[in-house]
Amino acid sequence: MAAQLLSGGASISCGLSSSRTSKWALPSNNFIGFNSFLGRRINIDDGGACSLSVNRAKGFLPYPVIRQRRNHHVFSRFNSHLSSDCGVQSTDLEDTSALHQDCGGGGLNELKGTVPSQIKLSEPSKETCKPKDVRRELIMLSLPAIGGQAIEPMVQLMETAYIGHLGSVDLASAGISISLFNIVSKLFNIPLLSVATSFVAEDISKNASRVSTPGEKMQLPSVSTALLLAIGIGIFEAAALSLGSGPLLSLMGISPASSMRVPAQRFLMLRALGAPAFVVSLALQGIFRGFKDTKTPVFCLGFGNFTAILLFPFFIYYCQLGVNGAAISTVVSQYLVSLSMIWNLNKRVELLPPNLGDLNFSSYLKSGGFLIGRTLAVLVTFTLGTSMAARQGPVAMAAHQICLQVWLAVSLLTDALASSAQALIASYISKEDYKTVRDITWFVLKFGVFTGVALALIIGFSFSSLAPLFTKDLEVLKLVTSGVLFVSASQPINALAFIVDGLHYGVSDFPYAAVSMMVVGAISSASLLFAPKLFGLAGVWYGLTLFMALRMVAGLMRLSQRNGPWWFLHSDV
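All figures in this text were calculated on a predicted structure; none of them were measured in a lab.

Conventions we followed
- Residues numbered from 1 in each chain as written.
- Predicted model: local features only at pLDDT ≥ 70, side-chain atom pairs only at ≥ 80, totals over all residues.
- Heavy atoms only, no water.
- Helix = DSSP H or I, 4+ residues; strand = E, 2+ residues; numbered from the N terminus.
- Buried < 20%, exposed > 50% of the residue type's maximum accessible area, 1.4 Å probe, protein only.
- Contact = heavy atoms within 4.5 Å.
- Areas by Shrake-Rupley, 256 points an atom, 1.4 Å probe, with all protein chains shown as cover.
- Phe/Tyr/Trp six-rings, centres within 6.5 Å; stacked < 30°, edge-to-face > 60°.
- Lys NZ or Arg CZ within 6 Å of the ring centre and 35° of its normal.
- Expected span 1.5 Å × (residues − 1).
- Core = buried A, V, L, I, M, F, W, Y, C linked by side-chain atoms within 4.5 Å.
- Salt bridge = Lys/Arg side-chain N within 4 Å of Asp/Glu carboxyl O.
- pLDDT = per-residue confidence, 0-100.
- Patch = residues over 30% accessible without salt bridge, like charges linked within 9 Å, V, L, I, M, F, W, Y side chains within 5 Å.
- Axes fitted to C-alpha atoms, helices over the stretch in contact; angles between N-to-C directions.
- Left-handed = near helix turned anticlockwise from the far one by under 90°.
- Nonpolar A, V, L, I, M, F, W, Y, C, P; charged D, E, K, R; others polar.
- Parallel < 35°, antiparallel > 145°, perpendicular 65-115°, else oblique.

Novice: Just give me the short version of the overall build of the chain, but keep the residues and values in it.
Specialist: Each helix and strand counted, the chain has 19 helices and six strands in total. Residues classed as buried in the chain amount to 54% of the 573 residues present. Summarising the internal contacts of the chain: among those between residues at least 6 apart in sequence, 80% fall at separations of at least 24. For the chain, the computed accessible surface area is about 25500 Å², with 62% contributed by carbon and sulfur atoms.

Below, the structure written as structure tokens:
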């Protein structure tokens, strides 16, 4: 058949354009055989136009080689030269016509002795011909993202160490306030970050061709929508944290008579001033991830957080502000990070569209609404764990704060891999390149397991020597060293849990991510209500480990479903 002459994935079409130059001329005495081929493969309308398309899934043109035709009664002489961006040529055939990627059209006017038409061979694009090195692309995206993800947790560890040397009461009060800040501030901005990454990546894929000149700013409604939502959410969260600091601490089990109440409330009210900058910075990170740019956030985060490192000893010790000095340092760094990111983003996109009607709040609110429920389930679970630790006294709360910060700092390193995979998957999904998405998925899962095991071994052997960096209190150290199993052994579980979350965000499977997390959170919260009463602080860590394990299982179950958004993992595409 003539299909053997074409490489897999190509398509034939012929139109009426007279501006095309490349032709596939067929002698009239050979058209009877070609007509029989066209009769089954080409749709011919009354106007003489014809088209032939190839569906890869049906494998119409399955052979990746070009062979000389053996049926000489159909084509007595088929002399061709195939030239395209792929550099594929057929030198065994005599050269009487050329097939280029931009070859032209003409119509199939009369199905009689002659064919005065031009047939276009649309070859695979250069991107298709060259195998995509998605693994390298993923790693190159992940390396800067790991730096960005590592900067803030490492700075928080340094903050914990500085506060820890002030005393166990100061460390415990700061830990409670940070937990409350995370509940309120991350309830909306984590969904905004995740949704912005997917929406911006899709928006760029759709609008990339509209940029006509180099250096021209893009107009992306998804970017403007994310920024405006972030500003509004940040102002709301700042007001909620400031005005509701007292009731929120009471909900955490910190009564007005507690020694932790006053320093915790002051710390929380100061940190509330940075809520708008914090929300905007996370939204901006999601936007840059959508651009597949993980380097710019690293520089901005590094600049702001390095400033915080310098300010910690200045405000805490030199100005003698104690734990309040740590809060002020963090707020200053958050505004520096946000302003530097906005300055860099303004170089490539219009921050506000010319028409405010282009803003797409409904899509953000719909997808973000699912993730708000999901984020709420996560935050409630972790807050419940913090609350149960706080009810056991300042020493237990201080130990829990140290273990939790180390656990989160190391675990979130794999989140950089997940966020990079999310950006790539969202981009290729919008192009319906399911094969590449499948390759990314399997690679990132395997790499996540390897990373989790490596982190578990590193922490397991080094955690005991790291603990004295955070406190000199012997009672606290005794409890901290007992948490090594929780911090280290759960790393492979955490790695897969974060990665499957990123995969689901990449295909915009937000409803499942939300519902499954709510179920997982409910089960884990029930465990956290009872386990600490029986096992003390170890019961808190057991409940959090159960939460991450169920989260991982729920994500892997979705990947295994053949009729869900991951159908292409189980079929040939």
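Novice: I'd love a proper account of the side chain of Arg 289, names of residues and values included.
Specialist: Here Arg 289 shows up in helix α8 (residues 275–290). Among the residues examined, Arg 289 registers a relative accessible area of 11% and is labelled buried. For Arg 289, the residues in contact, after removing those within four places along its chain, are Gln 149, Leu 193, Thr 197, Ser 419 and Ala 423.

Novice: Can you lay out the packing of aromatic side chains for me, pointing to particular residues and giving the numbers?
Specialist: Counted by the stated rule, this structure contains 14 aromatic pairs. Both rings, one in Trp 567 and one in Phe 568, keep their centres 5.6 Å apart while their planes meet at 85°; by these two values the pair is edge-to-face. For Phe 568, a relative accessible area of 0% puts it in the buried group. Feature note: the residues Tyr 434, Trp 566, Trp 567 and Phe 568 constitute an aromatic cluster, connected by ring pairs. The lysine or arginine in question, Arg 271, covers the ring of Phe 181, its NZ or CZ lying 4.6 Å from the ring centre.

Novice: I'd like a description of unusual backbone geometry, backed by residues and values.
Specialist: Glycine aside, the phi torsion of most residues is negative, and most peptide linkages are trans. We note that Glu 432 has phi near 60°; this positive angle belongs to a residue other than glycine. The backbone of Ser 508 shows a phi angle near 60°, a positive value even though the residue is not glycine. Locating Ser 508 in the fold gives a position in the loop between α17 (491–506) and α18 (510–535). Judged by relative accessible area, Ser 508 falls into the partly exposed class, the value being 28%.

Novice: Describe helix α12 (residues 394–411), and please don't skip the residues or the numbers.
Specialist: Over its 18 residues, α12 runs 25 Å from end to end, which matches the ideal 26 Å to within 8%, given 1.5 Å per residue. Of all 18 residues making up α12, 15 are buried, and the element is well covered by its neighbours.

Novice: Kindly report on the nonpolar core, identifying the contributing residues and their values.
Specialist: By size, the foremost hydrophobic cluster in this structure holds 128 residues, and its most contacted members are Ile 176, Val 223, Ile 287, Phe 291, Leu 345, Leu 503 and Trp 566. With 14 residues, helix α4 (residues 168–207) is the single largest residue contributor to this core. Sequence-distant contacts of Phe 291, that is, excluding residues within four places in its chain, are made with Val 200, Ile 204, Met 218, Leu 220, Val 223, Leu 345, Arg 348 and Val 349.

Novice: Would you mind going over the pattern of salt bridges in detail, with residue names and values included?
Specialist: Enumeration over the complete set of coordinates arrives at five salt bridges. A salt bridge links Asp 293 to Arg 348; the shortest N-O distance between them is 3.0 Å. Here Asp 293, found in the loop between α8 and α9 (295–318), pairs with Arg 348, found in the loop between α10 (323–345) and α11 (361–390); they are 55 residues apart in sequence, far enough to count as distant. With a relative accessible area of 29%, Arg 348 lands in the partly exposed category. In this structure, Asp 501 engages Arg 551 in a salt bridge whose closest nitrogen and oxygen atoms are separated by 2.6 Å. You can see Asp 501 sitting in helix α17 and its partner Arg 551 sitting in helix α19 (residues 537–559), a full 50 residues away along the chain. In this structure, Asp 501 and Arg 551 share a single accessibility class: buried. The network of salt bridges with shared partners includes Arg 374, Asp 501 and Arg 551.

Novice: So what's going on with the confidence of the model for the chain? Which residues, and what values?
Specialist: For the chain, per-residue confidence averages 74 on the pLDDT scale, and residues scoring 70 or more make up 71% of the total. Scored below 50 in pLDDT, residues 1–131 shows 198 contacts in the model against residues more than four places distant or in partner chains.

Novice: Which residues make up a nonpolar patch on the surface, and what values go with them?
Specialist: Nonpolar side chains collect at one region of the surface, where Ile 139, Met 140, Leu 143 and Ile 146 lie side by side and expose about 330 Å² of accessible area between them. Secondary-structure assignment places Ile 146 in helix α3 (residues 134–164). Exposure remark for Ile 146: the relative accessible area of 32% places this residue in the partly exposed category.

Novice: Talk me through the environment of Ala 239; I want residue IDs and the actual numbers.
Specialist: Considering the arrangement of structural elements, one finds Ala 239 in helix α5 (residues 221–243). Residue classification places Ala 239 among the partly exposed positions, given a relative accessible area of 36%. With 30 residues separating them in the primary sequence, Ala 239 and Met 269 have C-alpha atoms 9.5 Å apart.

Novice: Report on the packing of α8 against α10, specifying residues and quantitative values.
Specialist: For the pair α8 and α10, interaxial distance at closest approach is 8 Å and the crossing angle is 40°. Where α8 crosses over α10, the handedness of that crossing is left-handed. Contacts from Pro 276, Ala 277, Phe 278, Val 280, Ser 281, Leu 284, Gln 285, Ile 287 and Phe 288 in α8 reach Gln 334, Tyr 335, Val 337, Ser 338, Met 341, Ile 342, Asn 344 and Leu 345 in α10. Of the residues in the contact of α8 with α10, the class split is 12 nonpolar, five polar and no charged.

Novice: How would you summarise the packing of α12 against helix α15 (residues 474–481) if you had to cite specific residues and measurements?
Specialist: For the pair α12 and α15, interaxial distance at closest approach is 9 Å and the crossing angle is 50°. As the angle between them shows, α12 and α15 are arranged oblique. For the pair α12 and α15, the crossing hand works out as right-handed. Of the residues in α15, those in contact with Val 395, Ala 396, Ala 398, Ala 399, Ile 402 and Cys 403 of α12 are Glu 475, Val 476, Leu 479 and Val 480. For the contact of α12 with α15, the residue count by class is nine nonpolar, no polar and one charged.

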